[in-house]
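# Structural characterization, general
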Amino acid sequence: MPMKNLRLPTALLALTVTSWAIAEIQIAMQPVPQDKIDIRFVSKQMNVPVEGKFRKAKANVAFDPAKVEGSKAQLEIDLASIDLGLPEAETEVKRPAWFDTAKYPTATFVSSSVKPLAGGKYEVNGKLTIKGITHDVTAPVTVSPGPGGTNNIAGAFAIKRLDYKIGEGTWSDTDTVANEVEIKFKLSLPPGAKK
Amino acid sequence: MTSQTNNTRYTSTAISLHWLIAIAIFANLTLGFYVSDLPFSPQRIRLISYHKWMGVTIFLFAVIRVFWRLTHKPPSLPDTIPRWQQMASAAAHGFLYLLLVIVPLSGWLYSSAAGVPVMYFGIIRLPDLIGADKTLADNLKELHELLNFMLIAVVILHVLAALKHHFVDRDEILSRMLPFLKSRS
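Just so you know, these numbers come straight off a predicted model, no measurement behind them. (Residues numbered from 1 in each chain as written. Chains lettered and ligands numbered in written order. Predicted model: local features only at pLDDT ≥ 70, side-chain atom pairs only at ≥ 80, totals over all residues.)

## Re the overall build of chain A
Along its length, chain A carries 2 helices and 11 strands. In sequence order, the secondary structure elements of chain A are arranged as α-β-β-β-β-β-β-α-β-β-β-β-β. Burial statistics for chain A: of 195 residues in total, 24% are counted as buried. Expressed as a percentage of contacts within chain A between residues at least 6 apart in sequence, the contacts between residues at least 24 apart total 54%. (Helix = DSSP H or I, 4+ residues; strand = E, 2+ residues; numbered from the N terminus. Buried ≥ 20, exposed ≤ 12 C-beta atoms within 10 Å, placed from the backbone. Contact = placed C-beta atoms within 7 Å.)

## Focus: the environment of A:Asp78
All names here are of chain A. Along the chain, the position of Asp78 falls in strand 5 (residues 72–78). The exposure class of Asp78 is partly exposed, given the 15 C-beta atoms found within 10 Å. Along the chain, Asp78 and Lys58 lie 20 residues apart, while their C-alpha atoms are 8.1 Å from each other. Residues within four places of Asp78 in sequence aside, it is in contact with Phe54, Lys56, Ala57, Pro105 and Thr106.

## Structural notes on the environment of A:Glu180
All names here are of chain A. Examined against the element boundaries, Glu180 turns out to sit in strand 11 (residues 177–189). Look at Glu180 and you get partly exposed, because 13 C-beta atoms sit within 10 Å. Residues Glu180 and Ala14, spaced 166 residues apart in sequence, show a C-alpha to C-alpha distance of 42 Å. When near neighbours in sequence (up to four residues on either side) are disregarded, Glu180 contacts Ala158 and Lys160.

## Points about the confidence of the model for chain B
All names here are of chain B. Residues at a pLDDT of 70 or more form 94% of chain B, whose mean pLDDT is 91. Taken as a whole, residues 1–6 scores under 50 in pLDDT and shows 8 contacts with residues more than four places along the chain or in a different chain. The complex model carries a pTM of 0.81, and its ipTM stands at 0.76. (pLDDT = per-residue confidence, 0-100.)

## Quick word on the packing of helix 2 (residues 42–71) of chain B against helix 3 (residues 83–113) of chain B
Residue and element names in this part refer to chain B. Viewed as axis vectors pointing N to C, helix 2 and helix 3 meet at an angle of 145°, and their least axial separation amounts to 9 Å. Crossing of helix 2 over helix 3 shows left-handed handedness. Counting all contacts with helix 2, which are made through Lys52, Gly55, Val56, Ile58, Phe59, Ala62, Val63, Arg65, Val66 and Arg69, the residues of helix 3 involved are Tyr97, Leu100, Val101, Pro104, Leu105, Gly107 and Ser111. For the contact of helix 2 with helix 3, the residue count by class is 11 nonpolar, 3 polar and 3 charged. (Axes fitted to C-alpha atoms, helices over the stretch in contact; angles between N-to-C directions. Left-handed = near helix turned anticlockwise from the far one by under 90°. Nonpolar A, V, L, I, M, F, W, Y, C, P; charged D, E, K, R; others polar.)

## Looking at the interface of chain A and chain B
The interface of chain A with chain B comprises 14 residues on the first partner and 13 residues on the second. At 3 residues, helix 2 (residues 87–93) of chain A tops the list of elements feeding residues into the side of chain A that touches chain B. Here the residues of the side of chain A that touches chain B are counted per class, giving 6 nonpolar, 5 polar and 3 charged.

## As for helix 4 (residues 134–168) of chain B
Residue and element names in this part refer to chain B. Compared with the 51 Å implied by 1.5 Å per residue over 35 residues, the 50 Å span of helix 4 between its first and last C-alpha is a close match. Of the surrounding secondary structure, the elements contacted by the buried residues of helix 4 are helix 3. Directly beyond the C-terminal end of helix 4, a positive phi value near 50° is found at Arg170. (Expected span 1.5 Å × (residues − 1).)

## Considering the sheet that holds strand 9 (residues 133–145) of chain A
Residues and elements named next belong to chain A. Across the sheet, 11 strands lie side by side as 1-4-5-7-8-9-10-11-2-3-6; this open sheet has antiparallel pairing. Because the sheet does not close on itself, it has two edges, and the strands there are strand 1 (30–32) and strand 6 (82–83). Where strand 2 (residues 37–45) and strand 3 (residues 48–54) come together, 7 bridges link them in antiparallel fashion. Bridge pairing in strand 3 links Phe41 to Gly52. (Pairing = 2+ DSSP bridges.)

## Considering helix 3 of chain B
Residue and element names in this part refer to chain B. Helix length check: helix 3 (31 residues) gives 44 Å between terminal C-alpha atoms against 45 Å at 1.5 Å per residue, within 8%. Most pronounced at Leu99, the bend in helix 3 amounts to some 25°. Check the buried side of helix 3 and you find it contacts helix 1 (12–36), helix 2 and helix 4. Positive backbone phi, approximately 80°, marks Gly115, located one or two places after helix 3. (Bend = angle between axes of the 7 residues up to and from the residue.)

## With respect to unusual backbone geometry
Located in the positive-phi region is A:Lys165, a residue other than glycine, with phi close to 55°. Summarising the element assignment, A:Lys165 is placed in the loop between strand 10 (151–160) and strand 11. The backbone of B:Arg170 sits at a positive phi, close to 50°, despite the residue not being glycine. Looking at the secondary structure, you find B:Arg170 in the segment after helix 4.

## As for the packing of helix 1 of chain B against helix 2 of chain B
Each packed pair of helices is defined by two parameters, the angle between the axes and the distance between the axes. Residues and elements named next belong to chain B. At their nearest, the axes of helix 1 and helix 2 sit 9 Å apart, and the two run at 155° to each other. Overall, the two elements helix 1 and helix 2 adopt an arrangement that is roughly antiparallel. The two elements helix 1 and helix 2 cross, and the hand of that crossing is left-handed. Partitioned by chemical class, the residues of the contact of helix 1 with helix 2 number 18 nonpolar, 6 polar and 2 charged. (Parallel < 35°, antiparallel > 145°, perpendicular 65-115°, else oblique.)

## A few points about the nonpolar core
Residues A:Ala57, A:Ala59, A:Val61, A:Ile77 and A:Leu187 are the most contacted members of the largest nonpolar core, which totals 34 residues. Where this core is concerned, the elements lending two or more residues are strand 2, strand 4 (57–62), strand 5, strand 7 (106–116), strand 8 (121–130), strand 9 and strand 11 of chain A. The element contributing the most residues to this core is strand 11 of chain A, with 5 residues. Here A:Ala57 is in contact with A:Ile37, A:Ile39, A:Leu75, A:Glu76, A:Ile77 and A:Asp78, once residues within four sequence places are set aside. One finds B:Ile48, B:Trp108, B:Tyr110 and B:Val118 within the second-largest nonpolar core, a separate group that totals 11 residues. (Core = buried A, V, L, I, M, F, W, Y, C linked by C-beta atoms within 7 Å.)

Pasting the structure below:
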């Protein structure tokens, strides 16, 4: 009887693994070196733009410059690696009211589609998860060839921090720290990251 | 460039600027010390902004005040005041004028070095005087604090001297800077 109950899950698992394998065959995912990932953000405090960045992130990208639309990207940001240039602020944003890094150490982005736009730009759609909350995000991205067969990817998009419960309680006052946060990213893809 | 024939009082412009700056400095010193002890919080971010706006305002008033002082001869000190006191007074006032300008300036430099631009009233973005530099920011913070302690010391001396002239010497020194008080003579 237990065997019978396992039949459907096993079939589903097999199907999932197969679909993964197909995806792998299409374009292989390749890791991007840590120092080739640049993730910054600009938040407004009392209308003053203040920039910060994340020192650590992992990225896996399947990218073919000949067929950018088929690209895929997965990003994992180590939230505790935040650099705000101010130690007391860095301590604060790791606390539960902000990122709650003890419970949610990473933010992830998984692309779902890449569409070509005019002027050599692309629109990347995907799901951004921070603090266990997932929302769809869209970012215009420029792709430009770098030295030695590398490819530079750069883009920016804005999120609303309260959509992800970033800065709760007294911090939810958006007159002091604005709700909108601009996220800017740059990746330099190694030459091998293609089909 | 004497602006008054009856040169026993400061001009009403000088008197207005003096008291405006005095009130603003008192308020901003209080705010500055209060904020420096606050934990990182929305309130702190808000109050630091107010502190900067007030500082910029003082800086503007101070520049006008110094310009006014250079173009309008102040009433001369009575001969009854000993020569050494007249020289000490001139030195103390020179130092006070200098601090009025460089205290806000040091705060502006500190803010620039800390990588936080000064946005006057949250609208007008002032240029960054220097690039972001953590070590420099820490040093400028110390300097801003030190200059403020100097300012407090000179202001205390200034107030005590004025009160001494008014209540001990019973002369005209304080009344020539007061907006409403009539001259004793």
